[in-house]
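Examination of the molecular architecture
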Amino acid sequence: MAPPYKQKQEALYAVAVRYSHASVVGVCEATSRNLRGIPLLPEGSVRTIYNGAVPAHSDGEDLSLQKDGFTFLTVGRLALPKDHSGLIQAFAQSLEKRSDLRLWIVGDGVLRPDLEKQVNDLGIQHAIRFWGSRQNVGDFLKVADCFSLISCSEGLPVSQLEAMAAGLPLLVSDAGAMPELVHMGNCGWVVPIRNHDQLVHSLLECVDSAELRKLYGANARATFNEHFQLEKMAMAYESLYLS
């Protein structure tokens, strides 16, 4: 969703930028486009500097012993605007065609009881596991077959960057910077927001496309290394300050 969100605050912000001759940084092109839509913001004041990240922490936990099928991994708060419910519904339908599918949900939040009830009502408790908040996301990324983040609104998710650093193919919704990163590196599938049928199709296509997953995973790691290292972000900010 593009601005305006709060017109009065945005107008004051734009005036402050204009009279301080400041630059405004968007952490991705999607954010920068939204910023450029703020009324009165000086033309040319917005530039993009991608957030950097480091690979997710691992503590050596052997999750492979608990993996018994093709495993999708999603990492994020169990709260809106994340659409875990939509992912679970599409996963349940995909499970009817591929009984070996598994979904790991890492994260916690206010919607967890509702999501657990949804899984129970669908009768797919054997295929979905809630792991709660974890500090060793890197261990999950090493074991999973595909990273999926389905959301109705996003910025630039660190969890997606961590998945790219781990060399996982991506399956994400068309929100915020998520498709931007996928298209930048040709490293996954993008589905329209709240498009249930397309999500089911992409889940199954991912499972059935071993060579494509391998290509997307390699592209994801290469894209992370080229564009999203912390050092590259720091150098970009240093250049901005010096200018």
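Residues numbered from 1 in each chain as written. Predicted model: local features only at pLDDT ≥ 70, side-chain atom pairs only at ≥ 80, totals over all residues. Heavy atoms only, no water.

Quick word on the pairing of strand E8 (residues 188–191)
Bridge count for strand E7 (residues 170–173) against E8 is four bridges, and the pairing is parallel. Across the sheet, residue Val 172 finds its bridge partner in E8, namely Val 190. In this fold, the crossover linking E7 to E8 by way of helix H7 (residues 178–185) has right-handed handedness. (Pairing = 2+ DSSP bridges. Helix = DSSP H or I, 4+ residues; strand = E, 2+ residues; numbered from the N terminus. Right-handed = clockwise from strand over helix to strand, strands pointing away.)

Concerning unusual backbone geometry
Following Leu 80, the chain continues to Pro 81 via a peptide bond in cis, the omega torsion being 10°. Along the chain, Pro 81 falls in the loop between strand E3 (70–75) and helix H3 (84–95). Positive phi outside glycine occurs at Asn 186, with the angle close to 50°. Here Asn 186 is to be found in the loop between H7 and E8. Classification of Asn 186 as partly exposed rests on a relative accessible area of 40%. (Buried < 20%, exposed > 50% of the residue type's maximum accessible area, 1.4 Å probe, protein only.)

Quick notes on the environment of Pro 157
With respect to the element layout, Pro 157 can be found in the loop between strand E6 (146–149) and helix H6 (158–165). Separated by 21 residues in sequence, Pro 157 and Met 178 have C-alpha atoms that sit 7.5 Å apart. In this view, Pro 157 contacts Leu 149 and Met 178; residues no more than four positions away in its chain are not counted. (Contact = heavy atoms within 4.5 Å.)

Quick word on the sheet that holds E7
The sheet built from six strands is open, its strands ordered E5-E4-E3-E6-E7-E8 with parallel pairing. Single-partner strands in this sheet number two, and they are strand E5 (128–132) and E8. When strand polarity is set aside, the average angle formed by the axes of neighbouring strands in this sheet is 20°. Sheet analysis places E6 next to E7, joined by three bridges and oriented parallel. If you follow Ser 148 over to E7, its bridge partner there is Leu 171. Each of E6, E7 and E8 is contacted by H7, which is oriented at about 140° to E7, the strand it contacts most. (Axes fitted to C-alpha atoms, helices over the stretch in contact; angles between N-to-C directions.)

Remarks on the packing of H6 against helix H9 (residues 210–227)
The N-to-C vectors of H6 and H9 enclose an angle of 115°; their axes lie 7 Å apart at closest approach. Considered as vectors, H6 and H9 are oriented roughly perpendicular to each other. Counting all contacts with H6, which are made through Leu 161, Met 164 and Ala 165, the residues of H9 involved are Ala 220, Arg 221, Thr 223 and Phe 224. Residue composition of the contact of H6 with H9, grouped by class: five nonpolar, one polar and one charged. (Parallel < 35°, antiparallel > 145°, perpendicular 65-115°, else oblique. Nonpolar A, V, L, I, M, F, W, Y, C, P; charged D, E, K, R; others polar.)

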